Amino acid sequence: MTEKTFSVPDIHCGGCATSIEGALGGIDGIGSVKVDLDGQTVGVDFDESVVQIDVIVNTIEDQGYVVTS
Amino acid sequence: MSENETITFDVEGMTCATCALRIERILGRQEGVAGAVVNFAVMEAKAVVAPDTDVAALVAAVDKIGYKIRPIEPGEQRQRPAERYAAEARYQLRNVLLAALLTAPLMALSMLATESDATRIWQGFLATPVVFVFGSQFHRMALKRLRSRNANMDTLISVGSVAAWAYSVAALATGEPIFFETSGMIITLILLGRFFEARAKGNASHAITKLVNLGAKQARMLVDGKHEMVDPLELSPGDSVVVFPGEKVPIDGVIVTGRSSIDETMFTGESLPVDKKAGDRVFGATVNHEGRLEIEVTHVGPNTALAQIVKLVEDAQATKAPVQKLADRISSIFVPIVIGVALIVFGSWLAVGGDLGTAVRNGVAVIIIACPCALGLATPTAIMVGSGRGAELGVLFKGADVFERSPAIDTFVFDKTGTLTLGAMTLTDVVADGAEDRFLYLVGSIEAASEHPIGRGVAFGAEERDIVLSFPDHVETVPGMGVIGSVDGVDVTVGKSKLMADRGLQISDDHLDATERLEREGKTVFLGGWDGEVRGVIAVADRIRESAVGTIAQLHDMGAETIMLTGDNRRTAEAVARSVGIGRLLAEVLPGDKAAEVAQLQGRGKTVAFVGDGINDAPALTQADVGMAVGTGTDIAIEAGDIVLMSGEPRLAATAVRLGRATFSTIKQNLFWAFLYNTAAIPLAAAGLLNPMVAAGAMAFSSASVVTNSLRLRRFT
């Protein structure tokens, strides 16, 4: 498992957390998803051999957010 | 190529400003969409689309990220957000009533002295729908959380109610004590909390209805010289309306003929009526005191000052309450601990040689008793009572999260104009070597004819001293310098010393000294003279609000630092700062830099409240941890603020923070009480001594403590 933190500055409330967690939670190869409301980051535990970082970024952006790093 | 069209959508499910941004981005990416704007406050989306765009596809795309949008047909009346909150409150009320309808007999049965198999099974029948139908929202959220290895309040409720239910189902077979009423009560009380929360929003919408009702019901439209009574909604810009003394001004406009004093308290908080004459703006819902006015309508519908206030208040209510976060934060730590304790209890019973059944039973008992029923009441009851009391005191909290942020405030930044001072120039000094009355008569008559606010201040000051002014024969303004005119045949010059020199008027040393002294006091100083000589000096200044001094002292007592941030020149600012006793002064700050100054304070670890009223304060109000918008109501400032101080009284700034602190500590106490009784009973459960009486007692005591504690906020002063 690899752990990576994505910076998503638009995260604002619990609703945002739920939608990002919900979207990422359904993808094969993703273990845990932690959304930090104060830090406006998304921490993802994932299996690099199954899922690419691009897919994670696209999934978050498909929810209407912008991933800055 | 045919033209693009605009489609307006009704949006459901937005909880914060980011939601609006997300929908905007998703809509913008769809085929055929040239642009999209989503307004969080009015729950509305507008998209500019090519003519053959598939609207259903847009709806589906937005649905995918969890919001419902629906195109609004042209001419369709939209439901106000305020009405929606009322509808939500009704829905929650129905929910809690239905749940209570099942839970009440459940409680009654559980308290029967004699228990039979039939009453036990009936309790199971009653509890099952409460836990799994009315409680389904909590289980769904808890599962969602579990998938991301998280726990919150929903987790605790879900685990607690299901554990109590499952334990009791098993106990039905073995004849041991059952806890169906615990599972039912947990869900019902949480639902009650949800209803309170919805009603607190509804109550604020009550305040909106009140504001809407402030508007005039009828307008006298002037058609071909005759009055015609119409609904103010039917007016359009350019129409003429007549307002008689004692009537409400029906709509925003400009006075064409007539002059009167108008009560604008609702907008400005100023209790004194304001004099208005031809050319002045008037606002709908203000009260015309004296004269007949003919008004040309300038703003109608959503553009009136009143409609904007309504929109702002609605906006305020639309913010969700992340204060709940505190309860969630506690739960996220509490849940794993409780499950850990339950496992230890389970293991210990096995270790001391207990059978498997006893070990499971006591482990589950720990989970049952740990879930506090009053948890769901802790935050909503405090917020409901706190914001209600705030409204009574003239402080509107825009969104419940403000309650969580305001206790930490340690720095108050005041924008000078209008918050600490009245914002109107008043005559303060006249130096004229014993001939003050004659001096004021000549200078005042010239100034009265000028449109300048300073001139009006001088003229008012003269009238206050019972000097009857006359109309000057002619008046001429020298831009940036002063005014020249002739009164009763005397050629009078009023203005800066440079104008005196230009006009060949001699200045004595006394007058120079007086000028310098008054300027040092932060006043605006003018000279006046005739017949080759300067005859006297007058000074005007912005008057300090009476309550400003007390407010600053009160804030210092509360341990807060006070800073005045103003665009005014240093000398004027220092004079005001000194007389109100403010701690630190940042003068000559450009409007655009106010937000940066606030950010700099925050960078040094300060939690900043910004109190302001001007349009140019809006960025600073947003930047501040808590923005407090004062009074005027017509300003964009109110939109940017987190707290609205309903009148111009600076005292309310201190009230707001004290109420915020009181409410937040009530929430904390409530959470303490909610957890206390249940946590105290955990050892009983671990020892295998938990019985339904203990569970019911913990429930009753914690709920009563929480509600009583919240109600104490009603006496906040």
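Calculation rules
Residues numbered from 1 in each chain as written. Chains lettered and ligands numbered in written order. Predicted model: local features only at pLDDT ≥ 70, side-chain atom pairs only at ≥ 80, totals over all residues. Heavy atoms only, no water. Buried < 20%, exposed > 50% of the residue type's maximum accessible area, 1.4 Å probe, protein only. Helix = DSSP H or I, 4+ residues; strand = E, 2+ residues; numbered from the N terminus. Pairing = 2+ DSSP bridges. 1 Å grid on protein atoms, 1.4 Å probe; cavity = no way out; pocket = protein on both sides within 12 Å on 5 of 7 lines; lining within 4 Å. Points joined across faces, edges and corners; volume = space filled by probe spheres on them. Nonpolar A, V, L, I, M, F, W, Y, C, P; charged D, E, K, R; others polar. Phe/Tyr/Trp six-rings, centres within 6.5 Å; stacked < 30°, edge-to-face > 60°. Axes fitted to C-alpha atoms, helices over the stretch in contact; angles between N-to-C directions. Parallel < 35°, antiparallel > 145°, perpendicular 65-115°, else oblique. Left-handed = near helix turned anticlockwise from the far one by under 90°. Contact = heavy atoms within 4.5 Å. Expected span 1.5 Å × (residues − 1). Arc of directions from axis to C-beta. Patch = residues over 30% accessible without salt bridge, like charges linked within 9 Å, V, L, I, M, F, W, Y side chains within 5 Å. Areas by Shrake-Rupley, 256 points an atom, 1.4 Å probe, with all protein chains shown as cover. Salt bridge = Lys/Arg side-chain N within 4 Å of Asp/Glu carboxyl O. Lys, Arg positive; Asp, Glu negative; His and termini not counted. Charge placed at Lys NZ, Arg CZ, Asp CG, Glu CD. Buried area = accessible area lost by both parts, 1.4 Å probe. Polar contact = N/O pair within 3.5 Å; in protein donor to acceptor, adjacent residues only side chain to side chain.

A. Summary view of the pairing of strand β3 (residues 41-46) of chain A. All names here are of chain A. Burial within β3 is extensive, with five of its six residues counted as buried. Note that strand β1 (residues 2-7) and β3 share six bridges and pair antiparallel. Within β3, the position partnered with Thr-5 by the bridge is Gly-43. Of the pairings in the sheet, the one linking strand β2 (residues 30-36) to β3 comprises five bridges and is antiparallel in character. Along β3, the bridge assignment pairs Asp-36 with Thr-41. Here β2 folds back onto β3, and the loop between the two strands holds four residues, one of which, Gln-40, carries a positive phi near 55°.

B. Representation of empty space enclosed by the protein within the structure. Residue and element names in this part refer to chain B. Going through the model one piece at a time under the given rule, you end up with four cavities of 30 Å³ or more. One number sums up the size of the second largest cavity: a volume of about 40 Å³. Taken together, Leu-156, Val-159, Val-335, Val-338, Ile-339, Ile-367 and Ala-370 form the lining of the second largest cavity. Ranked by residues supplied to the lining of the second largest cavity, first place goes to helix α10 (residues 324-351) with three residues. Looking at the lining of the second largest cavity residue by residue, the class counts come to seven nonpolar, no polar and no charged.

C. Structural view of the packing of aromatic side chains. Residues and elements named next belong to chain B. Going through the model one piece at a time under the given rule, you end up with ten aromatic pairs over all chains. On the numbers, 4.7 Å between centres and 80° between planes, the contact of Phe-132 with Trp-165 is edge-to-face. Note that Phe-132 is positioned in helix α4 (residues 117-134) and Trp-165 in helix α6 (residues 153-174), a separation of 33 residues in sequence. Judged by centre distance (4.3 Å) and plane angle (20°), the rings of Phe-397 and Phe-403 are stacked.

D. Quick look at the packing of helix α12 (residues 375-393) of chain B against helix α25 (residues 692-711) of chain B. Residue and element names in this part refer to chain B. Contact geometry of α12 with α25 gives a least axis separation of 8 Å together with a crossing angle of 20°. The orientation of α12 relative to α25 falls into the category roughly parallel. Seen along the crossing, α12 lies across α25 with a hand that is right-handed. Along the contact surface, α12 presents Leu-377, Ala-378, Thr-381, Ala-382 and Val-385, while α25 presents Ser-703, Val-706, Val-707, Ser-710 and Leu-711. Here the contact of α12 with α25 is composed, by residue class, of seven nonpolar, three polar and no charged.

E. Geometry of α25(B). Residue and element names in this part refer to chain B. Over its 20 residues, α25 runs 29 Å from end to end, which matches the ideal 28 Å to within 8%, given 1.5 Å per residue. By the burial criterion, the buried members of α25 are Ala-695, Ala-698, Met-699, Ser-702, Ser-703, Ser-705, Val-706, Asn-709 and Ser-710. One side of α25 holds all its buried residues, which, seen down the axis, span an arc of 160°. Summarising the geometry of α25, the exposed residues directed more than 90 degrees from the buried face are Met-693, Phe-701 and Thr-708.

F. A negative patch on the surface, seen in detail. Residues and elements named next belong to chain B. Judged by side-chain charge, Asp-224, Glu-228, Asp-231 and Glu-234 come together as a negatively charged surface patch. Here Glu-228 lies in strand β6 (residues 226-230). On the accessibility criterion, Glu-228 (40% relative accessible area) is partly exposed.

G. Up close: the environment of Gln40(A). All names here are of chain A. By secondary structure assignment, the location of Gln-40 is in the loop between β2 and β3. Overall, Gln-40 belongs to the partly exposed group, its relative accessible area being 29%. Among all residues touching Gln-40, those that are not within four sequence positions of it are Phe-6, Ser-7, Val-8, Pro-9 and Ile-11.

H. Molecular detail of the pattern of salt bridges. Residues and elements named next belong to chain B. Enumeration according to the criterion identifies ten salt bridges over all chains in this entry. Residue Lys-68 is joined to Asp-63 by a salt bridge in which the shortest nitrogen-to-oxygen separation is 3.1 Å. Note that Glu-392 is salt-bridged to Arg-389, the shortest N-O span being 2.5 Å. Highlighted residues: Glu-392 and Arg-389, both in helix α12, separated by three residues, approximately one helical turn. Relative accessible area serves as the criterion here: at 14%, Arg-389 is assigned to the buried category.

I. Seen up close, unusual backbone geometry. Its identity as a non-glycine residue notwithstanding, Asp488(B) has a phi of 50°, on the positive side. Relative to the helices and strands, Asp488(B) resides in the loop between β18 (482-487) and β19 (490-495).

J. The pairing of strand β8 (residues 252-257) of chain B, seen in detail. All names here are of chain B. One ladder, built from five bridges, connects β8 with strand β13 (residues 293-299); its direction is antiparallel. Counted as the bridge partner of Gly-253 is Val-297 from β13. Across two bridges, β8 lies against strand β11 (residues 281-282) in antiparallel orientation. When the bridges of β11 are listed, Val-254 appears paired with Arg-281.

K. Main features of helix α5 (residues 136-147) of chain B. In this model α5(B) runs 17 Å from its N-terminal to its C-terminal C-alpha over twelve residues, within 8% of the 16 Å that 1.5 Å per residue would give. The positive-phi residue at the C-terminal boundary of α5(B) is Arg149(B), with phi of around 55°.

L. The interface of chain B and chain A, seen in detail. Contact with chain B, which involves 18 residues of that partner, is made by 20 residues of chain A. The junction of chain B with chain A conceals about 1,500 Å² of combined surface from both sides, 47% of it contributed by carbon and sulfur atoms. Run the count over chain B and chain A and you get one salt bridge. Taking the shortest distance from any N to any O, the salt bridge between Arg29(B) and Asp62(A) comes out at 3.7 Å. Applying the counting rule to chain B against chain A returns five residue pairs in polar contact (both at pLDDT 80 or more). Residue assignment for the side of chain B that touches chain A shows that the elements contributing at least two residues are α1 (17-29) and α5 of chain B. Examining the composition of the side of chain B that touches chain A, we find that six residues originate from one element, α1(B), more than from any other.

M. Expanded view of the packing of helix α18 (residues 548-557) of chain B against helix α23 (residues 651-680) of chain B. Residues and elements named next belong to chain B. Interhelical geometry of α18 versus α23 gives an angle of 30° and a closest axis separation of 8 Å. It follows that α18 is roughly parallel to α23 by the angle criterion. Facing Thr-551, Gln-554 and Leu-555 of α18, the residues of α23 in contact are Arg-651, Ala-654 and Arg-658.

N. Region of interest: the sheet that holds β6(B). All names here are of chain B. What the six strands build is an open sheet, ordered β6-β5-β7-β13-β8-β11; its pairing is antiparallel. Both outer strands of the open sheet, β6 and β11, are each paired with one neighbouring strand and no more. As defined by bridge partners, strand β5 (residues 219-223) adjoins strand β7 (residues 240-243) across two bridges and the pair is classed as antiparallel. Looking at β7, one finds that Arg-220 is bridged to Val-242.

O. Broad picture of the sheet that holds strand β26 (residues 643-645) of chain B. Residue and element names in this part refer to chain B. Read across the sheet, seven strands follow the order β14-β26-β25-β24-β15-β22-β23 without closing on themselves; strand pairing throughout is mixed. Of all strands in the sheet, those bounded by a partner on one side alone are β14 (395-397) and β23 (584-586). Taking the axes of each pair of neighbouring strands and ignoring which way they run, one obtains an average angle of 20° across the sheet. Taken strand by strand, helix α19 (residues 570-580) contacts β22 (561-565) and β23, and its axis lies near 155° from that of β23.

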